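Chains, contacts and geometry: an overview
So you can see what is in the structure, the chains are spelled out below.
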Amino acid sequence: MPYAKIIGSGGYLPPRVVSNDQLAADLATRNIETSDSWIVSRTGIQQRHIVDPGVTTSQLATKAAQAALEDAGISASQLDLIIVATSTPDFIFPSTACLVQANLGNQGAAAFDVQAVCSGFVYALTTAEAFIKAGRAKTALVIGAEVFSGILDWSDRGTCVLFGDGAGAMVLQASEEPGIIGAQLRADGSQKDVLCTAGNVSHGQVVGDPFLRMDGQAVFKLAVTSLTKSAQEVCDEAGVSLQDIDWMVPHQANIRIINFLGRKLGLDTEKVVVTVDQHANTSAASVPLAFDVARRDGRIKSGDLVMLQGVGGGFTWGSVLVRM
Ligand code: UT7
């Protein structure tokens, strides 16, 4: 059975950067109190990228995809599978993946979206790997892309300071060389209420609540417990030790979660890729964006063992272990 090998990656962040101070000043005009010091000390976030009005998830996804295709040195026509992980699709349908396919000029690839919120990218990556292993696809484009700014309640300081917009992508190809060597996806739907956007459109009207709601402390505890267990289990199944990991690329939600996870797993802090300070939480885009940053700056190299981890609403979580 072939491996799914990562042959390219790319990322795209909208150009508008909003610092904590800028955000605090903006919220203050609406009598909502926050500060750079609160945001940095509780989350590690210093800034986020936010789209201009009218910019959509498929536009960000297309730019990240083009960067990944260029990096891989292949053309869009060679793709036979396109998966987009997003919770902020342009439309109810068609899928964001089909919109990206049209933008790239690909014809004939299977294209669909995966919805697992901040775990979306590891869910999509594991799905693409399964297609490649089963011989159902040879060259896959996997994207995590979000415009979370559109589902934030900008009067809720407990959530609106945490998120940003962006997209990250990878190109996978069937190969005799490893590749993805381990993966685990998990969910616990009984925790559906701790992080949700429980609204919909029906009969031409928004039904329910169209904004993101979160029980931050519950999510924090679930994230740390689930990711620690998942990392250990995936290493055990793949027959490697946690100490063999060269780079950990966890979901970028909160530096305190990332540091806690690193300590529990006994990983050196230098082995953990952190972008939450610059990108904030970009949900399904956070893992491929962080991966792309560390690959392009030369940290992640050929032959390295890399663990990617996602966690988020659903409640969902998962880990993917990759030999570069
Ligand atoms: O991608 C999905 C995964 N999401 C996550 O992983 C998020 C996980 N959770 C977290 O990251 C943290 O729980 C938060 C960053 C959301 C919150 O940190 P916390 O240390 O759990 O703070 P808290 O919710 O207990 O709030 C502490 C205080 C409260 O005031 P009182 O009740 O102590 O007076 C909040 O009202 O901080 C207040 N607060 C704020 N103050 C200034 C909440 N948000 C803000 C704010 N600025 N933006």
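What this report covers is the structure whose coordinates are included nearby.

Description of the overall build of the chain
- Of the regular secondary structure elements, the chain holds 10 helices and 15 strands.
- Taking 20 Å as the expected radius of gyration for a compact globule of 324 residues, we find that the chain reaches 19 Å, a close match to that expectation.
- Judged by the C-alpha coordinates and their principal axes, the chain covers about 60 × 45 × 40 Å.
- Classification of the 324 residues of the chain by burial places 53% in the buried group.
- Taking the contacts inside the chain whose residues are at least 6 apart along the sequence as the reference set, 77% of them involve residues at least 24 apart.
- Summing over all exposed atoms, the chain offers an accessible surface of approximately 13,500 Å²; the carbon and sulfur share of this is 51%.
- The averaged location of the 32 negative side-chain charges in the chain is 3 Å from the averaged location of its 24 positive side-chain charges.

A few points about the nonpolar core
- Counting residues in each nonpolar core, the largest one holds 46 residues, and the members touching the most others are Val161, Leu212, Met248, Leu265 and Met307.
- Mapped by element, the contributors of at least two residues to this core are α1 (20-28), α7 (216-238), α8 (255-265), β14 (305-312) and β15 (316-323).
- Here this core takes 8 residues from α7, the largest share from any one element.
- Looking at this core, you find at least three residues from each of domain 1 (3-175) and domain 2 (180-323).
- Among all residues touching Met307, those that are not within four sequence positions of it are Ala231, Val234, Cys235, Ile245, Trp247, Met248, Val249, Ser319, Val320 and Leu321.
- Formed by 34 residues, the second largest nonpolar core is a distinct cluster that contains Ala137, Ala140, Leu172 and Ala290.

A few points about the pattern of salt bridges
- Per the stated rule, a full pass over the model turns up 11 salt bridges.
- A salt bridge links Lys5 to Glu177; the shortest N-O distance between them is 3.9 Å. Of this pair, Lys5 sits in strand β1 (residues 3-12) while Glu177 sits in the loop between β7 (165-175) and β8 (180-187), and the two are 172 residues apart along the sequence.
- Looking at Lys5, the relative accessible area reads 14%, which means it is buried.
- The salt bridge partner of Asp26 is Arg30, with a shortest N-O separation of 3.2 Å.
- With relative accessibility at 41%, the residue Arg30 sits in the partly exposed group.
- Several salt bridges converge on common partners, so that one network encompasses Asp153, Asp209 and Arg213.

So, the site of the ligand
- Inspection of the region around the ligand gives 22 residues, with Thr34, Arg42, Gln217, Asn254 and Asn281 positioned closest.
- Within the complex, the protein chains bury 73% of what would otherwise be the 950 Å² of accessible surface of the ligand.
- Mapped onto the shell around the ligand, the elements with two or more residues apiece are α2 (36-43), α6 (157-160), α7 and α8.
- Residue contributions to the shell around the ligand peak at 4 residues, all from α7.
- For the shell around the ligand, the class distribution of residues is 10 nonpolar, 8 polar and 4 charged.

With respect to the state of the cysteines
- All told, the structure shown has 0 disulfides when counted by the stated rule.
- Sulfur of Cys160: no disulfide; nearest cysteine sulfur belongs to Cys118 and is 16 Å away.
- Taking the relative accessible area as the measure of exposure, Cys160 reaches 0% and is therefore buried.
- Free of any disulfide, Cys196 has its nearest cysteine sulfur in Cys118, 13 Å distant.
- Residue Cys196 is classed as partly exposed on the basis of its relative accessible area of 24%.

Details of the sheet that holds β8
- A sheet is described by the order of its strands in space; here 4 strands give the open sequence β8-β15-β14-β13, paired in mixed fashion. Edge positions in the sheet fall to β8 and β13 (247-250), since each of these pairs with one other strand and no more. Pairs of neighbouring strands in the sheet enclose a mean axial angle of 10°, with direction left out of account.
- Pairing of β14 with β15 involves 8 bridges; the strand directions are antiparallel. By the bridge assignment, Val306 is partnered in β15 with Val322.

Remarks on the environment of Gly199
- Residue position: Gly199 is located in strand β10 (residues 199-202).
- Beyond its immediate sequence surroundings of up to four residues, Gly199 is in contact with Val207, Gly208, Asp209 and Pro210.

A word on α1
- For α1, every residue scored as buried is listed here: Asn20, Leu23, Ala24 and Leu27. Buried residues of α1 fall within an arc of 100° about the axis and therefore sit on the same side.
- Along its buried surface, α1 packs onto β2 (17-19), α2, β3 (47-49) and α6.

What counts, and at which threshold
- For every chain, the first residue of the written sequence is number 1, and numbering continues from 1 along that sequence.
- Where local features are concerned, this predicted model is filtered to residues with pLDDT of at least 70; where side-chain atom pairs are given and counted, the filter is 80 or more; whole-chain, interface and lining totals use all residues.
- Only heavy atoms go into the side-chain values, all of them from the structure, while hydrogens and water stay out.
- Numbering of helices and strands starts at the N terminus; helices are DSSP runs of H or I of at least 4 residues and strands are runs of E of at least 2.
- Here the radius of gyration uses the C-alpha set of atoms, whereas the globule reference equals 2.2 Å times the residue count to the power 0.38.
- We call a residue buried when its accessible area falls under 20% of the maximum for its residue type, exposed when it is over 50%, and partly exposed in between, using a 1.4 Å probe and counting protein chains only.
- Residue contacts are counted whenever heavy atoms from the two residues lie within 4.5 Å of one another.
- In this description, accessible areas are obtained by the Shrake-Rupley approach with a 1.4 Å probe, and a residue is regarded as covered only by the protein chains that are shown.
- Counted as positive: Lys and Arg. Counted as negative: Asp and Glu, with His and the chain ends omitted from the count.
- Where a charge lies is defined by one atom per residue type, namely NZ (Lys), CZ (Arg), CG (Asp) and CD (Glu).
- By nonpolar core is meant a set of buried Ala, Val, Leu, Ile, Met, Phe, Trp, Tyr and Cys residues that side-chain atoms within 4.5 Å join together.
- Boundary definitions for the domains trace back to an automatic or database domain assignment.
- A pairing counts as a salt bridge when a side-chain nitrogen of Lys or Arg comes within 4 Å of a carboxyl oxygen of Asp or Glu.
- Put simply, a residue is near a molecule or strand once any heavy atom of it comes within 4 Å of that molecule or strand.
- The classification used treats Ala, Val, Leu, Ile, Met, Phe, Trp, Tyr, Cys and Pro as nonpolar, Asp, Glu, Lys and Arg as charged, and all other residues, Gly among them, as polar.
- When two cysteine sulfur atoms lie within 2.5 Å, the pair is treated as a disulfide.
- Any two strands between which DSSP finds at least two bridges are classified as paired.
- Between the N-to-C directions of two axes lies an angle of 0 to 180 degrees, each axis being a line fitted to C-alpha atoms and, for a helix, fitted only over the stretch in contact.
- The reported arc concerns the directions from the helix axis to the C-beta atoms and nothing else.

That's the geometry; what it means functionally is another story.
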